[in-house]
Amino acid sequence: MKVDVSKLLRKKKKEIFESWLNNQLVDETLREDLISNEEMREQSNALLDTLLNSISNTNIAEPSSPEFESVNEILQGLSISRARQGFSPRETGAFIYSLKDAIIHVLQLEIPNDPVLLYELMLKISRLFDRFGVVTFETFIQGREEVILRQTSEITEISTPVIRVWDGILALPIIGTLDSSRTQVVMEALLQEIVETSSSIAILDISGVPAVDSLVAQHLIKTVAATRLMGAECIISGIRPEIAQTIVHLGIDLSKIMTKSSLASALKYSFSLLQLEVRKTQKEKTNIIHG
């Protein structure tokens, strides 16, 4: 018995589509908070139309056929989109594999009396969708990596704000671990702000750094050196007792760098360098005579 798979599947498009939608709707991984039923129908219909227009008796056994390029493009677009929306790999994979289940179900109904042919077609469909699955997951991973890189960059920028605390005085509170890549970000942000504000003093506050080892100390020294090359004085504040002990134990020389125990102390020292004086003032009391 010979069967034209492409004609059979196009003829049964409605049944395949409804079965596929039902598979997605009953799946426990369905994310109604991330995608509406209408969006799901549109995406499913677009992919199914493209697949049925691409598949033939010849290429069904050749998953890498160029004729499936348009199918792969749709899958790549959907995978990237779902990765950015917050879908999991399992939820994304369920989308494509539930279509395979729908197609196999239709084949079983249409070819009930030829188990050999049915087996051959099911095997070809499975191999074809395995290829689609690889494309889907590879693209999804790329999408997730893009999201992670963007979030990492945003977090780094947020966690290294340069604050203008006074005319000529900048403060940069550092929270978390200070590694090579983050040091570069810190240095660039600080130097850029020094140029833009013509500040002469920069305070690096490490109160939020959990620990200081030789590597972190070297990063701090590099940042101080770069700041000085820009003509600004650099002060390191937030030197806690345990950090001071660690620095001494490691034999790290910070004697040429001004250090303070707190940001307040660093700010007070900065005021003295700029010959500024901050005083407390009391408002004069006014006697009110009631007539």
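Just so we're clear, the structure is a prediction, and the values are computed from it rather than from any experiment. (Residues numbered from 1 in each chain as written. Predicted model: local features only at pLDDT ≥ 70, side-chain atom pairs only at ≥ 80, totals over all residues. Heavy atoms only, no water.)

A look at a nonpolar patch on the surface
In plain terms, the rule: The residues that make up patches have over 30% relative accessible area and no salt bridge, and they are joined within 9 Å when like-charged or within 5 Å when they are Val, Leu, Ile, Met, Phe, Trp or Tyr. Per-residue and other accessible areas follow the Shrake-Rupley method at a 1.4 Å probe size, with only the shown protein chains counted as cover for residues. A pair is scored as a salt bridge if a Lys or Arg side-chain nitrogen falls within 4 Å of a carboxyl oxygen belonging to Asp or Glu. Numbering of helices and strands runs from the N terminus, with a helix taken as a DSSP run of H or I at least four residues long and a strand as a DSSP run of E at least two residues long.
Taken together, the side chains of Ile163, Val165, Trp166, Leu276 and Val278 make up a nonpolar region of the molecular surface, amounting to roughly 420 Å² of accessible area. In this fold, valine 165 is placed in strand β1 (residues 163–166).

Things to note about the sheet that holds strand β5 (residues 258–260)
Selection criterion: Here a strand pair is declared whenever DSSP counts at least two bridges between the two strands. Here the axes come from fitting lines to C-alpha atoms, over the contacting stretch only for helices, and the angles between their N-to-C directions go from 0 to 180 degrees. Any pair of residues with heavy atoms lying within 4.5 Å of one another is described as a contacting pair.
The 5 strands lie next to each other as β1-β2-β3-β4-β5, forming an open sheet whose pairing is mixed. The open sheet has two edge strands, β1 and β5, and neither has a second partner. Mean inter-strand twist for the sheet, computed between neighbouring axes without regard to direction, equals 30°. As defined by bridge partners, strand β2 (residues 169–175) adjoins strand β3 (residues 201–208) across 6 bridges and the pair is classed as parallel. Each residue of the ladder has a partner; that of leucine 172, found in β3, is leucine 204. On top of the sheet, helix α10 (residues 263–273) reaches β1, β2, β3, β4 (233–237) and β5; it is set at about 170° to β3, its chief contact.

A look at the packing of aromatic side chains
Working definition: an aromatic ring pair is given by the centre-to-centre distance plus the angle between the planes. The line we're drawing: A pair of Phe, Tyr and Trp rings is counted when the ring centres sit within 6.5 Å of each other, with Trp represented by its six-membered ring. The angle between the planes then sorts it: under 30 degrees is stacked, over 60 is edge-to-face, the rest tilted. Each residue is placed in one exposure class: buried if its accessible area under a 1.4 Å probe, protein chains only, is under 20% of its type's maximum, exposed if it is over 50%, and partly exposed if it falls in between.
Overall, the coordinates contain 4 aromatic pairs when judged by the stated rule. Aromatic pair phenylalanine 68 and phenylalanine 132: ring centres 5.7 Å apart, planes at 80°, arrangement edge-to-face. Placement of the pair is phenylalanine 68 in the loop between α3 (37–54) and α4 (69–85) and phenylalanine 132 in helix α6 (residues 115–159), with a sequence separation of 64 residues. When sorted by exposure, phenylalanine 68 lands in the same class as phenylalanine 132, which is buried. Between phenylalanine 129 and phenylalanine 132 the ring centres are 5.4 Å apart and the planes differ by 80°, which places this aromatic pair in the edge-to-face class. Highlighted residues: phenylalanine 129 and phenylalanine 132, both in helix α6, separated by 3 residues, approximately one helical turn.

So, the pattern of salt bridges
Across all of its chains, the model carries 7 salt bridges by this definition. As a salt-bridge pair, arginine 84 and glutamate 146 come within 3.1 Å of each other at their nearest N and O atoms. Of the two residues, arginine 84 sits in helix α4 while glutamate 146 sits in helix α6, which places them 62 residues apart along the sequence. Given a relative accessible area of 52%, arginine 84 falls into the exposed group. A salt bridge links arginine 228 to glutamate 233; its shortest N-O distance comes to 3.9 Å. Overlapping salt bridges, with partners in common, bring together Lys12, Glu15 and Glu110 in one network.

So, the domain arrangement of the chain
Note the threshold: Domain delimitation in this document rests on an assignment produced automatically or drawn from a domain database.
Here the chain is described as being made up of domain 1 (5–152) and domain 2 (163–273). Taken over C-alpha atoms, the centre of domain 1 sits 54 Å from the centre of domain 2.

Remarks on the pairing of β2
Counted residue by residue, β2 has 5 buried out of 7 residues, so it is predominantly covered. Note that β1 and β2 share 3 bridges and pair antiparallel. Looking across to β2, one finds that arginine 164 is bridged to leucine 170. Counting the residues that bridge the hairpin from β1 to β2 gives 2 residues, and of these glycine 168 lies at a positive phi of roughly 90°.

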